[in-house]
Amino acid sequence: MSALKLHLFGLPRLTYEGQVVTGTRKKSLALAAYLCLAERPATREALATLLWSDQDDEHSRTSLRSALYNLSSAAPLDWITADRSTVSLKLDEIDVDINDFLAALRRTRAHLHTDGVLCDSCVSALTEAVNLYTDHFLEGFHLPDCADFGHWQIIQTEHLKRECARALRRLAEHAQIQSTIQLGDALMFVRRWLNISPLEESAHRLLMQMLAATGQRAEAIQQYQVCVRLLDDELATVPELETVMLYESIRDGDLITAAAVNPHQQESIHVTSALPPLPSLVVGREDALVELKSRLGVVQQHTRRPVTVIEGWPGVGKSTMIGLLAHDPALNAAFPDGVLWTSLGEAPALPQKLMVWGEALHVIPPGKSPPLETLTSKLTAALRDRQMLLIV
């Protein structure tokens, strides 16, 4: 454990031996934040453009050198590597809360718990992760003259929110189905989940179930009303049928005991999928499949790319590869919330394609045809905190 720490949850700051380092400039902290999450050394040109785009090349490079000196002066440690072309951080010389958060989550990736009950190792790692998430990424930090950095900050913030929300959901579901003794913990986890993802209906439903199961029927009904108001205000939509049916069940007194959340009376956690046909015969595709799985982070999370494009002439086997990939058992661990696939063709009927996804995600009743805007809003809300693979 290093004496130098970079805190990026909340307002960014450097501490050395427990004391806040004073005199660190805002853009120096922004530079440190970017470097600590970079997958590879960043070029000086890219950093200068990211943080000093309003300056010419000479002055932006001078500003970068000044920021690097400002950072290196924070502690008597050699924690920055910089040559004439690139800059990176020596992450073994500095502790970063976000890296610790992500490392804790990675320890759970290899464990597939399909029944919702976690092993002690996963509970410990997930609890460590959510405890590290004390605030949103760089919350309250803004560089008005750095639009590109602001865009990067938003992307990182949303990614980390989703990761924390998923961890909280897993902890809440685990505590919920373990025993009534842990319902207090489950309530705490699901409330934190809702604080991060207030439009996630599954979180509202889980909280409603827990409140009803602990005899807090009025509070469960009130939670439904909160859900209705939020969806109307933010998405101009109504709750999913599943949410309405749960509310009616609670209202009518059908869900009032802790037995409602007993693990022996619940189904396994639902995994949503809309898959292409499984190819009947596959020959000579092993290397390509390995490459695709590597790009999707199936084996190692750090190799995952947000978008992967498969190109080729008609008839070379793209559809066969997609079908083989979508049915690969290893995807279950990498994308535990499922796989959604659709084929667009030359003139796609987009509403019909999206309706298939909507039915698979249970955001629209089977056979219903909501307006495209409503459907896309529901899909966006349903996918926000899920770890799914989308194949188009």
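Bear in mind that the values here come from a model prediction, so they are computed numbers and not experimental data.

Calculation rules
- Going along each chain's sequence as written, the residues are numbered from 1 onward.
- Local features in this predicted model are restricted to residues of pLDDT 70 or higher, and side-chain atom pairs are both shown and tallied only at a pLDDT of 80 or more, whereas totals for entire chains, interfaces and linings draw on every residue.
- To obtain the side-chain values, all non-hydrogen atoms of the structure were included, while hydrogens and water were left out.
- At least two bridges found by DSSP between two strands are what make those strands a pair.
- The secondary structure listing takes helices from DSSP runs of H or I that are at least 4 residues long and strands from runs of E that are at least 2 residues long, numbered from the N terminus.
- As a rule, the C-alpha atoms of each element are fitted with a line to give its axis, helices using only the stretch in contact, and angles between N-to-C directions run from 0 to 180 degrees.
- Roughly parallel means an angle under 35 degrees; roughly antiparallel means over 145; roughly perpendicular covers 65 to 115; every other angle is labelled oblique.
- Helix crossings fall into two classes, left-handed where the near helix is turned counterclockwise from the far one by less than a right angle and right-handed where it is turned clockwise.
- Note on definitions: a residue-residue contact is assigned when non-hydrogen atoms from the two residues lie within 4.5 Å.
- The residue classification treats Ala, Val, Leu, Ile, Met, Phe, Trp, Tyr, Cys and Pro as nonpolar and Asp, Glu, Lys and Arg as charged. All others, Gly included, are polar.
- Expected helix span is computed as 1.5 Å times (number of residues minus one).
- Only protein chains enter the accessibility calculation, which uses a 1.4 Å probe. A residue is then buried if its area is under 20% of the maximum for its type, exposed if over 50%, and partly exposed in between.
- Patches here: salt-bridge-free residues with over 30% relative accessible area, like charges joined within 9 Å, nonpolar side chains (Val, Leu, Ile, Met, Phe, Trp, Tyr) joined within 5 Å.
- Accessible surface area values rest on a Shrake-Rupley calculation with a 1.4 Å probe, where residue burial reflects the displayed protein chains alone.
- Every case where a carboxyl oxygen of Asp or Glu lies within 4 Å of a side-chain nitrogen of Lys or Arg is listed as a salt bridge.
- Two rings belonging to Phe, Tyr or Trp (six-membered ring only in the last case) form a pair when the distance between their centres is within 6.5 Å. Interplanar angles under 30 degrees mark stacking, angles over 60 mark edge-to-face geometry, and anything in between is tilted.
- Over a ring means this: the NZ of a Lys or the CZ of an Arg is within 6 Å of the ring centre and within 35 degrees of the ring normal.
- pLDDT: the predictor's confidence for each residue, scored from 0 to 100.
- Here, the term nonpolar core denotes a set of buried Ala, Val, Leu, Ile, Met, Phe, Trp, Tyr and Cys residues that are joined through side-chain atoms within 4.5 Å.

1. Points about the sheet that holds strand β1 (residues 4–7)
Pairing between the strands of a sheet comes from backbone hydrogen bonds, and it takes one of two forms, parallel or antiparallel. Strand order in the open sheet formed by 4 strands is β3-β2-β1-β7, and the pairing between neighbours is mixed. At either margin of the open sheet sits one strand with a lone partner, and together these are β3 (19–20) and β7 (95–96).

2. Describing the packing of helix α11 (residues 286–295) against helix α12 (residues 318–326)
Describing two packed helices takes the angle between their axes plus the distance from one axis to the other. Relative orientation of the contacting elements α11 and α12 amounts to 60°, with a least axis distance of 11 Å. Regarding the angle of α11 to α12, the classification is oblique. The two elements α11 and α12 cross, and the hand of that crossing is right-handed. Facing α11, whose interface residues are Ala288, Leu289, Leu292 and Lys293, α12 presents Met321, Leu324 and Leu325. Along the lines of polarity and charge, the residues of the contact of α11 with α12 split into 6 nonpolar, no polar and 1 charged.

3. Considerations on helix α8 (residues 201–213)
Between the first and last C-alpha of α8 there are 18 Å, a value that for 13 residues agrees with the 18 Å anticipated at 1.5 Å per step. With respect to burial, α8 is a largely interior element, 12 of its 13 residues being buried. Residues Glu201, Ser202, Ala203, His204, Arg205, Leu206, Leu207, Met208, Met210, Leu211, Ala212 and Ala213 constitute the buried set of α8. Where the residues of α8 are buried, they touch α6 (147–178), α7 (183–196), α9 (217–235) and α10 (241–251).

4. Points about a nonpolar patch on the surface
Residues Leu344, Leu350, Leu372 and Val392 make up a contiguous nonpolar surface patch of roughly 340 Å² in combined accessible area. Within the fold, Leu372 resides in helix α15 (residues 372–383). By relative accessible area, which is 38% here, Leu372 ends up partly exposed.

5. Notes on the packing of aromatic side chains
A full pass over the atoms with the stated rule returns 8 aromatic pairs. Measuring from ring centre to ring centre gives 4.0 Å for Tyr224 and Tyr247, while their planes differ by 10°; the resulting arrangement is stacked. Here the residue Tyr224 occupies a position in helix α9, and Tyr247 occupies one in helix α10, the gap between them amounting to 23 residues. The pair Tyr224 / Tyr247 is uniform in exposure class, with both members buried. Grouped by ring-pair contacts, the aromatic residues Tyr34, Phe137, Phe141, Phe149 and Trp152 constitute a single cluster. The ring of Phe141 is capped by Lys26, whose NZ or CZ atom sits 5.2 Å from the centre of that ring.

6. What about the confidence of the model for the protein chain?
When pLDDT drops low, the exact placement of atoms in the prediction is not to be read closely. Predicted confidence across the protein chain gives a mean pLDDT of 82, with 84% of residues reaching 70 or more. Within the protein chain, the element-level pLDDT minimum falls on strand β8 (residues 272–274), averaging 61, and the maximum on β1, averaging 95.

7. Description of the nonpolar core
Core analysis: the largest hydrophobic core is formed by 76 residues, its most contacted members being Leu6, Leu8, Leu14, Leu31, Leu51, Phe101 and Phe149. Looking at this core, the element that brings in the most residues is α6, giving 10 residues. Apart from the residues lying within four places of it in its own chain, the contact partners of Leu51 are Lys27, Ala30, Leu31, Leu143, Cys146 and Phe149. Leu292, Ile322, Leu331 and Val339 belong to the second largest nonpolar core, which has 14 residues in total.

8. Quick look at the side chain of Arg169
By the element assignment, Arg169 lies in helix α6. Residues contacting Arg169, with those up to four places away along its chain left out, are Trp193, Asp337, Asp385 and Arg386.

9. Quick look at unusual backbone geometry
Phi at Glu17 is positive, roughly 55°, even though this residue is not glycine. By secondary structure assignment, the location of Glu17 is in the loop between β2 (13–16) and β3. Positive phi outside glycine occurs at Ala236, with the angle close to 55°. Note on placement: Ala236 falls in the loop between α9 and α10. Residue classification places Ala236 among the exposed residues on the basis of a relative accessible area of 62%.

10. Regarding the sheet that holds strand β6 (residues 86–89)
An order of β4-β6-β5 is seen for the 3 strands of this open sheet, with the pairing classed as antiparallel. With partners counted over all chains shown, the strands left at the sheet margins are β4 (42–43) and β5 (80–82), one partner each. Of the pairings in the sheet, the one linking β5 to β6 comprises 3 bridges and is antiparallel in character. Residue pairing for β6: Ala82 is matched across the bridge by Val87.

11. Let's talk about the pairing of β2
Here β1 pairs with β2 via 4 bridges, running antiparallel. Along β2, the bridge assignment pairs His7 with Arg13. Connecting β1 to the next strand, β2, in antiparallel fashion are 5 residues, including Gly10 with a positive phi near 90°. In the sheet, β2 pairs with β3 via 2 bridges, with the strands oriented antiparallel. Paired with Thr15 across the bridge in β3 is Val20. Where β2 folds back on β3, the antiparallel hairpin that results is connected by 2 residues, among which Glu17 adopts a positive phi of roughly 55°.

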